[in-house]
Amino acid sequence: MRKTWKSDNRMNAVGHGISLTRSVQRIPILLYHSVGTSPSAQFRDFCVSESQFSDHLEMISESGYTVVPLSQVVEHIAEGGPLPPRPLVLTIDDGFRDSLDIAYPLLRAKEFPSILYVVAGFLGLKSTWLTDEGAGNIPMVSPEDLCFLSANGMEIGAHTLTHPWLDSLPSEEVRREVQRSRLVLSDIVGESIESFAYPHGYHSHRTVQLVRSAGFHSACAVRNLVSHSSDNPFALSRVTVRSDMSPEMLDNILNSADLAPKREKIRTLAGRQIRRVKYRFPNKQQARVKNAER
Ligand SMILES: [Zn+2]
């Protein structure tokens, strides 16, 4: 018999970082990567099993959340559009083939909307940007897969062409990664691509400007804090779901995690400087740093 995941704490409108008024609503945005079996120990944290993913979705239903499309949250933040009482957003990054084979049928069975952020330069290929982490052989979705998912209600978002650290690249390269990924994906699915996700969540003021000017309406960062109705629509905070998170742990995080503050932490700014140096002077430590900072 399937377990049920009742939330012990329905008072989840209270965050520790921001004092809430009636107009500020918690909007958890979950970030999944691969649903399946990890090809390596280094990448294991970013894979959840099929049964774990299914149990998470069950917990989300049982705890009374309403899964809403990301676009509805963006509209709410921009124009005060309506949201249900306990909204939650599901996002999946990278565009691994298991998003279609494993995640999609489970989402479909629950009628949960979601958005898939796709690395547009690797369609139909393997995840070779993850080679240093022992995960360079994961099959990616094909253009046909994307058309199928888009036609069946999964929103498609852009996640660059090659998955670089955008906040460390020269502007011209950032512009290319952002604009081209939008074009490639919109050509395939025949619809405007309106949302972007920064690889590893790394972004800077300049990155945000380039994403805005490319025509996107929103962008997701990571931050591992709970988003809310006053969040920045071009740096929406997401909570990374890791392989060791049981439904109870996830439920607890959704209830207790702080709301995202407006300002970046000093640690974030310092990390960006380190990444810029690493890009200029790459060495063997780079893979380890990339893995640790994801
Ligand atoms: Zn990614």
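Residues numbered from 1 in each chain as written. Predicted model: local features only at pLDDT ≥ 70, side-chain atom pairs only at ≥ 80, totals over all residues. Heavy atoms only, no water.

1. Considering unusual backbone geometry
Most of the time, phi is negative for any residue but glycine, and the peptide bond is trans.
Reasoning step 1: At glutamate 111, a position not held by glycine, the phi torsion is positive, near 60°.
Reasoning step 2: Looking at the element boundaries, glutamate 111 is found in the loop between α3 (98–110) and β7 (115–118).
Reasoning step 3: Phi angles above zero are rare outside glycine, and threonine 160 is one such case at about 70°.
Reasoning step 4: With respect to the helices and strands, threonine 160 occurs in the loop between β8 (155–158) and α5 (171–189).
Reasoning step 5: Taking relative accessible area as the criterion, threonine 160 reaches 0% and is therefore assigned buried. (Helix = DSSP H or I, 4+ residues; strand = E, 2+ residues; numbered from the N terminus. Buried < 20%, exposed > 50% of the residue type's maximum accessible area, 1.4 Å probe, protein only.)

2. Thoughts on the pairing of strand β10 (residues 218–223)
Side-chain direction in a regular strand flips from residue to residue, so the side chains alternate between the two faces of the sheet.
Reasoning step 1: With 5 of 6 residues buried, β10 is to be regarded as a mostly interior element.
Reasoning step 2: Here 3 bridges tie strand β9 (residues 195–197) to β10, and the two strands are oriented parallel to one another. Within β10, the position partnered with alanine 197 by the bridge is cysteine 220.
Reasoning step 3: At this point the chain moves from β9, through helix α6 (residues 205–213), to the parallel β10, and the crossover so formed is right-handed.
Reasoning step 4: In this sheet, strand β12 (residues 236–240) lies alongside β10 in parallel orientation, the contact comprising 2 bridges. Across the sheet, cysteine 220 pairs through a bridge with leucine 236, a residue of β12. (Pairing = 2+ DSSP bridges. Right-handed = clockwise from strand over helix to strand, strands pointing away.)

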